[in-house]
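Here's the letter readout for the chains.
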Amino acid sequence: MSKLKKSEFRPNDYVVYPAHGVGQIVSIEEQEIAGIALELFVISFEKDKMTLRVPTNKATEVGMRSLSSPDVVSKAMATLKGKAKVKRAMWSRRAQEYEQKINSGDLISIAEVVRDLHRTDDQREQSYSERQLYEAALERLTREVAAVSGMDEGGAQRQVDEVLISRAA
């Protein structure tokens, strides 16, 4: 079983870890934890200056996945163009749903959060918690778009902004 997991991710691959976004596998190392020898993916999240160690046999279980295909990225961009679907539920309930979507690691769900929380200049001001969720989702989306398309984060940010602005026009 562990042999199958090993072939799925290799050092230097970019992966998406649901709770942290896009990271790069630096190495695969053996480490003894609580007397048990474990094989671990060492994932570096450059932007957050963070290193994460994930047991190779738990990688898919925790939701770690390869970068989205360019196809999924274009679907996410199409999602951004859609009309915002803001439910009339209490903010705390919506915030919880948005948080779950962001941490799901699913690019299209993250795009939905960005779409729903995006505000143009002529719309009402966002609350602090809305802004925090929006920025978290936007950062995850742009990092993955940048990694998939091979551009820098600034370029990906401009691409996402253009889609959001064109929607408003």
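Residues numbered from 1 in each chain as written. Predicted model: local features only at pLDDT ≥ 70, side-chain atom pairs only at ≥ 80, totals over all residues. Heavy atoms only, no water.

In the annotation of an unreviewed UniProt entry, the entry for the chain reads CarD family transcriptional regulator, and the organism field reads Actibacterium naphthalenivorans.

Attention now moves to the nonpolar core. Counting residues in hydrophobic clusters, the biggest one holds 24 residues, and the most contacted among them are Leu80, Val114, Leu141 and Val160. For this core, the secondary structure elements donating two or more residues are α2 (70–81), α3 (91–104), α4 (107–117), α5 (128–149) and α6 (153–168). Among the elements that take part in this core, α5 stands out by supplying 7 residues, more than any other. Residues contacting leucine 80, with those up to four places away along its chain left out, are Ala111, Val114, Arg115, Leu141, Val160, Val163, Leu164 and Arg167. Counting 11 residues, the second largest nonpolar core, distinct from the first, contains Phe9, Tyr17, Phe41 and Ala59. (Core = buried A, V, L, I, M, F, W, Y, C linked by side-chain atoms within 4.5 Å. Buried < 20%, exposed > 50% of the residue type's maximum accessible area, 1.4 Å probe, protein only. Helix = DSSP H or I, 4+ residues; strand = E, 2+ residues; numbered from the N terminus. Contact = heavy atoms within 4.5 Å.)

Okay, the domain arrangement of the chain next. Split by domain assignment, the chain resolves into domain 1 (11–64) and domain 2 (68–166). A separation of 25 Å is found between the C-alpha centroids of domain 1 and domain 2. Listed by partner, the interface residues are 8 residues for domain 1 and 10 residues for domain 2. When domain 1 packs against domain 2, close to 730 Å² is buried across both sides, 51% of that on carbon and sulfur atoms. Per-residue buried area on domain 1 facing domain 2 is highest for Pro18, Val22 and Lys47; these three make up 58% of the total on that side. At the surface where domain 1 touches domain 2, the tally comes to 0 salt bridges. Our enumeration of links across domain 1 and domain 2 arrives at 2 residue pairs in polar contact (both at pLDDT 80 or more). In the side of domain 1 that touches domain 2, the residues fall into 4 nonpolar, 2 polar and 2 charged. (Domains from an automatic or database assignment. Buried area = accessible area lost by both parts, 1.4 Å probe. Salt bridge = Lys/Arg side-chain N within 4 Å of Asp/Glu carboxyl O. Polar contact = N/O pair within 3.5 Å; in protein donor to acceptor, adjacent residues only side chain to side chain. Nonpolar A, V, L, I, M, F, W, Y, C, P; charged D, E, K, R; others polar.)

Throughout the structure, instances matching the rule amount to 9 salt bridges. With a closest N to O distance of 4.0 Å, lysine 75 and aspartate 71 form a salt bridge. In this pair, lysine 75 and aspartate 71 are both assigned in helix α2, 4 residues apart and thus about one turn of the helix distant. The residue arginine 115 makes a salt bridge to aspartate 116 at a minimum N-O spacing of 2.9 Å.

Before going further, it helps to spend a moment on the UniProt feature "domain: CarD-like/TRCF RNAP-interacting" (unreviewed entry) in the chain. Mapped onto the present numbering, the UniProt feature "domain: CarD-like/TRCF RNAP-interacting" (unreviewed entry) falls on residues 8–118. Annotated as 34% helix and 32% strand, the span residues 8–118 places its first and last C-alpha atoms 35 Å apart. (UniProt positions renumbered as here; feature names shortened; annotations may be inferred.)

Within the structure shown, the criterion is met by 2 aromatic pairs. Between phenylalanine 9 and phenylalanine 41 the ring centres are 5.6 Å apart and the planes differ by 90°, which places this aromatic pair in the edge-to-face class. Placement of the pair is phenylalanine 9 in the loop between α1 (2–8) and β1 (14–17) and phenylalanine 41 in strand β3 (residues 36–45), with a sequence separation of 32 residues. For the pair shown, phenylalanine 9 and phenylalanine 41 are each scored as buried. With a centroid separation of 6.2 Å and an interplanar angle of 50°, the aromatic rings of tryptophan 91 and tyrosine 98 are classed as tilted. Its relative accessible area of 25% is what places tryptophan 91 among the partly exposed residues. (Phe/Tyr/Trp six-rings, centres within 6.5 Å; stacked < 30°, edge-to-face > 60°.)

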